[in-house]
Amino acid sequence: MKSHIKSWDRLENYLVETRLLGSIQNTLYWDQNTIMPPSGSEWRGQQLSLLARHLHDRQTCNEYVDLIDDAEAELASVVPHEIVDETDIASKTQNLALLKQELRRQQRLDSSWVGYMATAKAQGYKLWQEARANSDFAIFAPALRLLISLRKEQSTQLAEPRSCWETLAQPFEPDLSKARLYDLFLPLRHKLPELLERVKGYDNLHKFSWDIDEKDQILLSEKLLKVWAKEDASVVVSRSPHPFSITLGPSDFRLTNRVVKGNPLSCFLSTAHEWGHSLYEQGLPSNIHQWFPWPLGNATSMAIHESQSLFWENRVARSKEFSERFWSDFANAGAPFKSGIDMWQAMNPLAPGWNRVEADELTYGLHILIRTDLEIELLDNDLEVDDLPAEWNKKYSDLLGITPKNDAEGCLQDVHWSEGQFGYFPSYLLGHLISAQFSESMSAALKLEGVNSPDPIGFCIGSGKESSLLAWLRKEVHHYGRKMNAEALVEKVTGSPLSSSPFLNYLSLKLERLADTT
């Protein structure tokens, strides 16, 4: 067994160094999005391009191939009569399979393309910021055109039996196809507009004709994280143009938020959302140092990731029970709340808006359907970049009944395409579906544990026992890492295939409860 351990350790040491380089890349990305001055973007692009090329070389070189082959050969040499940990053998076998899968993808990519892409992403982000600040899509259009061209070239090099868009979606949602996506989203395309039409008669007066001082919004968000047991030794919160969460090491978790003028709940809700992402990262096997470099230690998909962030943002922070606990804190900061009902209504305005990040649960899915349709059109159906603003506005008019006033409110509002992230948007809506399905199973489990309430999750929130919710997620979801893909994990946890029904049922019930308060 000594040779087996030695071979595995050599591969692990190599992977650790690769992850260290990747974490340096992530640290530069964090800095770029938080405190880097705009004039540093060109140099940062060169730094990221250099790192990307080095990482690609490490992930495709002969030394790495030999390390994988040696580890695989020695793992296969374990004879049946030896006393071994079968779970350990199975985990190592799956880790090797995932490493070889990614190796094949990386080997097909030209090193020069990797460098060009890193530079284009850095430049795209810079021009997106400028275009958004000036509400002028024309500033960003050339960068977007280049990013689309490079992603199409990536798809060609990978030569997978999928469309370009499906190929680009694989890192976010392994095995996802457009056919499966259409199947899951079709009920939403029909039902969400119907629900939106139903709530038009609700008398919800909270349309944010008021605001809260920026400093107080930050303090309220800090209190939220304190209530949810943020550990200052391992978690840092900063500000960025677009909120995000990122892990820089086994015990180094970062998240950002932002204050949006005229939307006094945005900072609070985006903090809840990003904290959900971070909690998932903190619960993965990669949080244990020996698992950090291995594929199984990582998240299985961005839909699972989003299910966790959306659970804490929507199921918890937007709940009536949570508003009953926090409304007085907001009132003391200047919000016109006289009760928890007031805050609950404000948290759930049930009105179409142009901004995805600020959208309520009812309209959020429509924002994602629009983006998914448009990026498929851009990548698979040759929609011209110059036509994007008009197509965007048309879809908003058709689905939400509103038209953005300018490009900043329209197709420039999201950061994703400026970084070449095509194929990510469906993960948000899939996350809604998964979160609802997980919540049904969580509720059933809490009832078995003695939570005697028609809404066990709401009961835990109202009594300040969110730790019970996190404990269930840790036990049932987080620890699996990449042992199975998203839909397999959903079926294992809930006993049923992924469906839109739990989400639509949850949403309909919530709308009925909100209607009773208007």
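Because the structure is predicted, anything quoted here is derived from the model rather than measured.

So, how was this worked out
- Residues numbered from 1 in each chain as written.
- Predicted model: local features only at pLDDT ≥ 70, side-chain atom pairs only at ≥ 80, totals over all residues.
- Heavy atoms only, no water.
- Helix = DSSP H or I, 4+ residues; strand = E, 2+ residues; numbered from the N terminus.
- Rg over C-alpha atoms; globule rule 2.2 N^0.38 Å.
- Buried < 20%, exposed > 50% of the residue type's maximum accessible area, 1.4 Å probe, protein only.
- Contact = heavy atoms within 4.5 Å.
- Areas by Shrake-Rupley, 256 points an atom, 1.4 Å probe, with all protein chains shown as cover.
- Lys, Arg positive; Asp, Glu negative; His and termini not counted.
- Charge placed at Lys NZ, Arg CZ, Asp CG, Glu CD.
- Polar contact = N/O pair within 3.5 Å; in protein donor to acceptor, adjacent residues only side chain to side chain.
- Expected span 1.5 Å × (residues − 1).
- Arc of directions from axis to C-beta.
- Phe/Tyr/Trp six-rings, centres within 6.5 Å; stacked < 30°, edge-to-face > 60°.
- Lys NZ or Arg CZ within 6 Å of the ring centre and 35° of its normal.
- Salt bridge = Lys/Arg side-chain N within 4 Å of Asp/Glu carboxyl O.
- Core = buried A, V, L, I, M, F, W, Y, C linked by side-chain atoms within 4.5 Å.

Chemist: So what exactly am I meant to see when it comes to the overall build of the protein chain here?
Modeler: Looking only at helices and strands, one finds 20 helices and three strands in the protein chain. Over its C-alpha atoms the protein chain spans a radius of gyration of 23 Å, differing by no more than 12% from the 24 Å that the globule rule assigns to 518 residues. In terms of its C-alpha atoms, the protein chain occupies a principal-axis envelope of roughly 70 × 60 × 45 Å. Looking at the protein chain as a whole, 56% of its 518 residues qualify as buried. Restricting to contacts in the protein chain with at least 6 residues of sequence separation, those with at least 24 account for 74%. Put simply, the protein chain shows about 22000 Å² of open surface, and 52% of that area lies on carbon and sulfur atoms. Here the protein chain carries 53 positive and 71 negative side-chain charges, and the mean point of each set is 3 Å from the other.

Chemist: Any chance you could explain the side chain of T18 here in plain terms?
Modeler: As for its position among the elements, T18 is in helix α1 (residues 2-34). The class of T18 is buried, set by a relative accessible area of 9%.

Chemist: Looking at this model, I keep getting lost on the side chain of H56. Mind explaining?
Modeler: Looking at where H56 falls in the secondary structure, it is placed in helix α2 (residues 41-58). Residue classification places H56 among the buried residues on the basis of a relative accessible area of 4%. There is a polar contact of 2.8 Å between the side chain of H56 and the backbone oxygen of Q106. Here H56 is in contact with Q106, L109, D110, S111 and V114, once residues within four sequence places are set aside.

Chemist: Explain helix α9 (residues 214-227) to me, please; I cannot follow it from the model alone.
Modeler: Taking 1.5 Å of rise per residue, 14 residues should cover 20 Å, and α9 covers 20 Å from first to last C-alpha, within 8% of that figure. For α9, every residue scored as buried is listed here: Q217, I218, L220, S221, L224 and L225. Along the axis of α9, the buried residues cluster in a sector spanning 160 degrees; they form a single face. Counted as exposed and oriented over 90 degrees from the buried face of α9: K215 and K226. Tucked into the core, α9 has its buried residues touching β1 (235-239), β3 (252-257), α10 (266-283) and α12 (320-332). Where α9 begins, the capping side chain belongs to D213, and its oxygen is found 3.0 Å from the backbone nitrogen of K215. The first or second residue beyond α9 is A229, which carries a positive phi of 65 degrees.

Chemist: Just checking my understanding: could you explain the packing of aromatic side chains for this structure?
Modeler: The geometry of an aromatic ring pair comes down to the distance between the two centres and the angle between the two planes. The final tally for this structure, using the stated rule, is 24 aromatic pairs. Seen in terms of ring centroids, F268 and F322 are 6.1 Å apart; in terms of plane orientation they differ by 45 degrees. Their pairing is tilted. Of this pair, F268 sits in helix α10 while F322 sits in helix α12, and the two are 54 residues apart along the sequence. Of the residues examined, F268 reaches a relative accessible area of 2% and is grouped as buried. The exposure class assigned to F322 is buried, which follows from its relative accessible area of 0%. When the ring of F425 is compared with that of Y428, the centres are 6.1 Å apart and the planes differ by 40 degrees; the resulting orientation is tilted. Residue Y428 is classed as buried on the basis of its relative accessible area, which comes to 7%. Sitting over the face of the ring of W8, K92 holds its NZ or CZ atom 5.0 Å from the ring centroid. Just above the ring of F425 sits the side chain of R371; from NZ or CZ to the centre is 5.8 Å.

Chemist: For this particular structure, what's the right way to read the pattern of salt bridges?
Modeler: Going through the model one piece at a time under the given rule, you end up with 29 salt bridges. The partner of D382 in a salt bridge is K152, and the shortest N-O contact between them spans 3.2 Å. In this pair, D382 is assigned in the loop between α14 (361-380) and α15 (388-400) and K152 in helix α6 (residues 137-158), connecting sequence segments 230 residues apart. Owing to a relative accessible area of 28%, K152 belongs among the partly exposed residues under this scheme.

Chemist: Would you explain unusual backbone geometry in this entry?
Modeler: Excluding glycine, residues mostly carry a negative phi; peptide bonds, for their part, are mostly trans. Phi angles above zero are rare outside glycine, and S135 is one such case at about 50 degrees. When you line up the elements, S135 lands in the loop between α5 (111-134) and α6. In this structure, D175 takes a positive phi of about 75 degrees despite not being glycine. Examined against the element boundaries, D175 turns out to sit in the loop between α7 (164-169) and α8 (178-198). Accessibility expressed as a relative area gives 55% for D175, which makes it exposed.

Chemist: Help me understand the nonpolar core, please; the structure alone is not making it clear to me.
Modeler: F330 and L469 are the most contacted members of the largest nonpolar core, which totals 114 residues. With near-sequence residues (within four places) excluded, F330 lies in contact with I212, L220, P264, L265, F268, A335, F337 and M343. L15, A71, L103 and W294 belong to the second-largest nonpolar core, a separate cluster that totals 16 residues.

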